[in-house]
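Chain by chain, the residues run as shown.
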Amino acid sequence: MSPAGTLWTVPVQPQGKAIRATAALGGVTIELPAAYEHFVDNKKPEFLAKFPHGKIPAWEGADGFKLFESTAIARYVASLAPNAGLLGHTSEDAALVGQWIHLVESEVDAYTNMVRGLCSGTIPYNKPAHTLFLERQLRALNTVEQHLSTRTFFVGERITLADLYIAALIQKAAASTLDAAARTKLPNLVRHLETI
Amino acid sequence: MAPAGTLWTVPVQHSGKVIKATAALGGVTIEIPTSYEHFVDNKKPEFLAKFPHGKIPAWEGADGFKLFEGIVIARYVATLAPNAGLLGHTSEEAALVDQWIHLVESEVDNYTTLIRGLCSSVIPYNKPSHNLFLERQLRAVNTLEQHLSTRTFFVGERITLADLYIATMIQRAVTTTLDAAARTKLPNLIRHLETIVNQPTLKEIYGPIEYAEKAIQFTPPKKEKEAKPAAAPAPKAEKKPKAKEVDDDDDEPSVPEEPKAKNPLDDLPKSTFNLEDWKRAYSNKETRGAGGAIEWFYQNYDPAGFSVWRVDFKYNEELTQTFMSSNQIGGFFNRLEASRKYLFGSVGVLGESGNSVIAGTLILRGTEAEPVVNVAPDWESYTYTKLDLANEKDKAFFEAALAWDLEIDGKKWADGKNFK
């Protein structure tokens, strides 16, 4: 089966992982240019002509359709395989998938990034900000933990894009802000991560 | 027509506005409880039973379907009116709507929120972060401007949810970060904003655009009600994040304007020691030795009008890379900017990465440290010890900090910053 499209990403990119997982579960063949070199190729005119913001992940369909922004690509690839149910089966299911992804993106992953930025000096370090961001992240993590305490998956009884996307972001958090001490209080979240 | 559902939001909430605009254009009737009181009702058990995260916007359909996250609700409401085409007409158009919304959410609006947080001290202020966020926002805004240079709407030839969402967030940005100067370079983005906001069905929902002449700047907190971010981060952060949920989308009345207080340091009796002359001497002369800055200092210093201090960072065990500690000093100095007329500093990181301390000296107007340094929200992350220049050890410390050859417990000066 010829590829449905080409995805520019790098192996470590969590959002790229979520899209690749979506394609895998949906049976959508995608091409991943192994020669792609980030910070170099995305500044070249040919890349910018297709993707004016110069960001990855970036998608070009076999039909020439071009798209960027991770969640947009993930949702679009899922829509190419409707039978896989990765967006649920109703508008309501799809909305709930969106809800959980958005919560984790904006209130967990955003803070993982801020804390990493502070600790690496990209954003001038200050402890009160560090503490504030960790607190806010914990609040969202507790909501997610609570939700998973009675469920295997985020929406319905099967894996959806919410599970794939969130697992990628939690995998990243577990390597930085969610240390051993924090994880002891988030057993369902960790169980979910391991499951996916 | 019976309402399709109930939306909990408050009038100033930006993401609530997007949902209302979507419902209006889609012809979807929604109920909005006007008696809803945020920070009160969203903590009650009945609200949390429906919406466990306690956030608004929150949606409950007439069929009992419950949903939160503003943009997700807007998209869902758009699906209730497929003929309005607010998500385009194909999967590809829907994906492009998502793309533009996500770009603005993650690279424009989040920076508006972060910068407002910095300027109101919800996040401890520092200028390098402020500049970094402005730069990043500008990069995304330029991509939007470029896209709109050949288009009226973001996706296809008609209004979609992308236009509604982006107009809302740009309306918020032009009152805060996109000032008159910035806007001259964004004619298409402004044209787009005006087009959406002036749609007859949407005018009342969007309200007037309040264009800022100048971008928001940092206002140091009032000295009387000085919050203590280092000493008590839990209580302060407990209050502020709740304000943030609505602030993420709203017009931010929750942080009142700080009137400029007269600085009591200006009322001190005139001193013979001129801080600006000292700063010049320090910059132009060798620090140690005959004819040097230290010699000049002792010839001119007035201990009645000024004082000399040792400053130490309280949490040295957390310091890692020395260049990051150096950045931290720079950040602290940035936050002391409001006291520029009253302060000179020479502070460094001593030791090596993973085994270092931050220490140095300050020369301050007056005889107390707090009135000068508490303009910085994180002033309490440091200890301040008055130095007695008649005491040999204090004098040696002071001079070594000025000369950048201070050594503490075998840790040598690695890098430093001057506030001058």
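What counts, and where the lines are drawn
Residues numbered from 1 in each chain as written. Chains lettered and ligands numbered in written order. Predicted model: local features only at pLDDT ≥ 70, side-chain atom pairs only at ≥ 80, totals over all residues. Heavy atoms only, no water. UniProt positions renumbered as here; feature names shortened; annotations may be inferred. Core = buried A, V, L, I, M, F, W, Y, C linked by side-chain atoms within 4.5 Å. Buried < 20%, exposed > 50% of the residue type's maximum accessible area, 1.4 Å probe, protein only. Helix = DSSP H or I, 4+ residues; strand = E, 2+ residues; numbered from the N terminus. Domains from an automatic or database assignment. Pairing = 2+ DSSP bridges. Contact = heavy atoms within 4.5 Å. Axes fitted to C-alpha atoms, helices over the stretch in contact; angles between N-to-C directions. Polar contact = N/O pair within 3.5 Å; in protein donor to acceptor, adjacent residues only side chain to side chain. Phe/Tyr/Trp six-rings, centres within 6.5 Å; stacked < 30°, edge-to-face > 60°. Lys NZ or Arg CZ within 6 Å of the ring centre and 35° of its normal. Parallel < 35°, antiparallel > 145°, perpendicular 65-115°, else oblique. Nonpolar A, V, L, I, M, F, W, Y, C, P; charged D, E, K, R; others polar. pLDDT = per-residue confidence, 0-100.

Chain B appears in an unreviewed UniProt entry as Elongation factor 1-gamma from Crucibulum laeve.

By the naming in an unreviewed UniProt entry, chain A is Glutathione S-transferase C-terminal-like protein, taken from Crucibulum laeve. What the UniProt record of chain A gives under Sequence similarities (unreviewed entry) is the line "Belongs to the GST superfamily."

This paragraph deals with the nonpolar core. As a rule of thumb, nonpolar side chains are buried together in soluble globular proteins. Core analysis: the largest hydrophobic core is formed by 57 residues, its most contacted members being B:W59, B:W100 and B:L144. If you list the elements that add at least two residues to this core, you get α1 (14-26), α3 (70-79), α4 (91-119), α5 (127-148), α6 (161-173) and α8 (187-197) of chain B. Composition of this core by domain shows at least three residues from each of domain 1 (5-84) and domain 2 (91-206) of chain B. With 44 residues, the next largest nonpolar core counts A:W59, A:A140, A:L161 and A:L169 among its residues.

A few words on the sheet that holds strand β1 (residues 5-8) of chain A. Residue and element names in this part refer to chain A. In spatial order, the strands read β2-β1-β3-β4; together these four strands make up an open sheet with mixed pairing. What marks the edges here is a single partner per strand, and that holds for β2 (30-31) and β4 (66-68). Where strand β3 (residues 58-61) and β4 come together, three bridges link them in antiparallel fashion. Bridge pairing in β4 places W59 opposite L67. The strands touched by helix α3 (residues 70-79) within the sheet are β1, β3 and β4, with β4 carrying the most contacts at an inclination of about 130°.

With that out of the way, let us pick up the side chain of A:N42. Residue and element names in this part refer to chain A. Its location among the elements puts N42 in the loop between β2 and α2 (45-50). A distance of 2.7 Å separates a polar atom in the side chain of N42 from the backbone nitrogen of F39. Ignoring any residue separated from it by four or fewer positions in sequence, one finds N42 in contact with Y36, E37, F47, L48 and G54.

The tally for this structure, following the rule as stated, stands at 38 aromatic pairs over all chains. Measuring from centroid to centroid gives 5.1 Å for A:F47 and A:F51, while their planes differ by 55°, and the two rings are tilted. For the pair shown, A:F47 and A:F51 are each scored as buried. These aromatic residues form a ring-pair network of at least three members: B:F273, B:W278, B:Y282, B:W296, B:F297, B:Y298, B:Y301, B:F306, B:F344 and B:F398. Sitting above the plane of the B:F419 ring, B:R340 keeps its charged end 5.0 Å from the centroid.

Residues and elements named next belong to chain B. Of all the 10 residues making up strand β6 (residues 343-352), nine are buried; the element is thus mostly covered by neighbouring parts of the structure. Sheet topology note: the β6/strand β7 (residues 355-365) ladder contains 10 bridges and is antiparallel. Within β7, the position partnered with V349 by the bridge is I358. As paired strands, β6 and strand β10 (residues 411-419) are joined by six bridges and run antiparallel to one another. When the sheet's bridge partners are listed, V347 is paired in β10 with K417.

Helix-helix packing: each pair is described by the crossing angle between the helix axes and the interaxial distance. All names here are of chain B. At a minimum axis distance of 7 Å, the contact between α5 and α8 shows a crossing angle of 75°. With respect to their mutual orientation, α5 and α8 come out roughly perpendicular. Seen from α5, the contacting residues are V141, L144, E145 and L148; seen from α8, they are P187, N188, L189, R191 and H192. Tallied by class, the residues present in the contact of α5 with α8 amount to five nonpolar, two polar and two charged.

Let's shift gears to the confidence of the model for chain B. Residue and element names in this part refer to chain B. Averaged over every residue, the pLDDT of chain B is 88; the share at 70 or more is 90%. Within the model, the stretch residues 225-259 combines pLDDT values under 50 with 72 contacts to residues more than four positions away or in other chains. As scored by the predictor, the complex reaches a pTM of 0.70 and an ipTM of 0.94.

Below, the discussion takes up unusual backbone geometry. Among all residues except glycine, the phi angle is most often negative; among peptide bonds, the trans geometry is most common. With an omega of 5°, the peptide bond between A:I56 and A:P57 qualifies as cis. In this fold, A:P57 is placed in the loop between α2 and β3. Residue B:P57 is reached from B:I56 by a cis peptide bond, and omega for that bond is 5°. Looking at the secondary structure, you find B:P57 in the loop between α2 (45-50) and β3 (58-61). Despite not being glycine, B:S121 has its phi angle at roughly 65°, a positive value. Mapped onto the secondary structure, B:S121 falls in the loop between α4 and α5. Classification of B:S121 as buried rests on a relative accessible area of 11%.

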